[in-house]
Amino acid sequence: MEFHIALTGASPAPGVVQDALFDIDPTAVVDLDMSGLVLRVSASATAADLVEVLRQVGWPVAPEQVVQLPSICCGGCGG
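Fair warning: this is a prediction, and the values are worked out from it, not measured in the lab.

Each value, and the rule that gives it
- Residues numbered from 1 in each chain as written.
- Predicted model: local features only at pLDDT ≥ 70, side-chain atom pairs only at ≥ 80, totals over all residues.
- Heavy atoms only, no water.
- Salt bridge = Lys/Arg side-chain N within 4 Å of Asp/Glu carboxyl O.
- Buried < 20%, exposed > 50% of the residue type's maximum accessible area, 1.4 Å probe, protein only.
- Helix = DSSP H or I, 4+ residues; strand = E, 2+ residues; numbered from the N terminus.
- Lys, Arg positive; Asp, Glu negative; His and termini not counted.
- Pairing = 2+ DSSP bridges.
- Axes fitted to C-alpha atoms, helices over the stretch in contact; angles between N-to-C directions.

A.B. asks: When you look at the pattern of salt bridges in this model, what are you seeing that I'm missing?
C.D. replies: If the charged atoms of two oppositely charged side chains come close together, the side chains can form a pair. Scanning the model with the defined rule gives one salt bridge in all. With its nearest N and O atoms 2.9 Å apart, the salt bridge here joins D31 to R40. With a relative accessible area of 28%, R40 lands in the partly exposed category.

A.B. asks: I'm lost on the side chain of D25 in this one. Help?
C.D. replies: Topologically, D25 is positioned in the loop between α1 (14–20) and β2 (29–32). No salt bridge is formed by the buried D25; its nearest oppositely charged neighbour, R40, is found at 15 Å.

A.B. asks: Explain the sheet that holds strand β3 (residues 38–42) here, please?
C.D. replies: The pairing of strands in a sheet comes from backbone hydrogen bonds and takes either a parallel or an antiparallel form. Strand order in this open sheet of four strands is β2-β3-β1-β4, and the pairing throughout is antiparallel. Lying at the two open borders of the sheet, with one neighbouring strand each, are β2 and β4 (66–68). On average, adjacent strands in this sheet sit at an angle of 20 degrees to one another, irrespective of strand direction. Examined bridge by bridge, β2 and β3 share four bridges and lie antiparallel to one another. Across the sheet, the residue bridging to L32 is L39, located in β3.

The values reported here are purely geometric and, on their own, carry no functional implication.
Structural data, given as structure tokens:
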């Protein structure tokens, strides 16, 4: 799943979030969009899992701040 979280003030570095997601999904990818205002997360996780991980790294976000994007999976890789 891909999630977008708008940055409002201080937030952890993408690498910190990615490392924290490792236990849930070791292939998770976290980065900032080109504007630097949106944290993008691609992971096999639920929005609730992501909110909990963000709270664990010291960035409390409300569930409504986490926007799950529609899947773009074509199924071609079998995943």
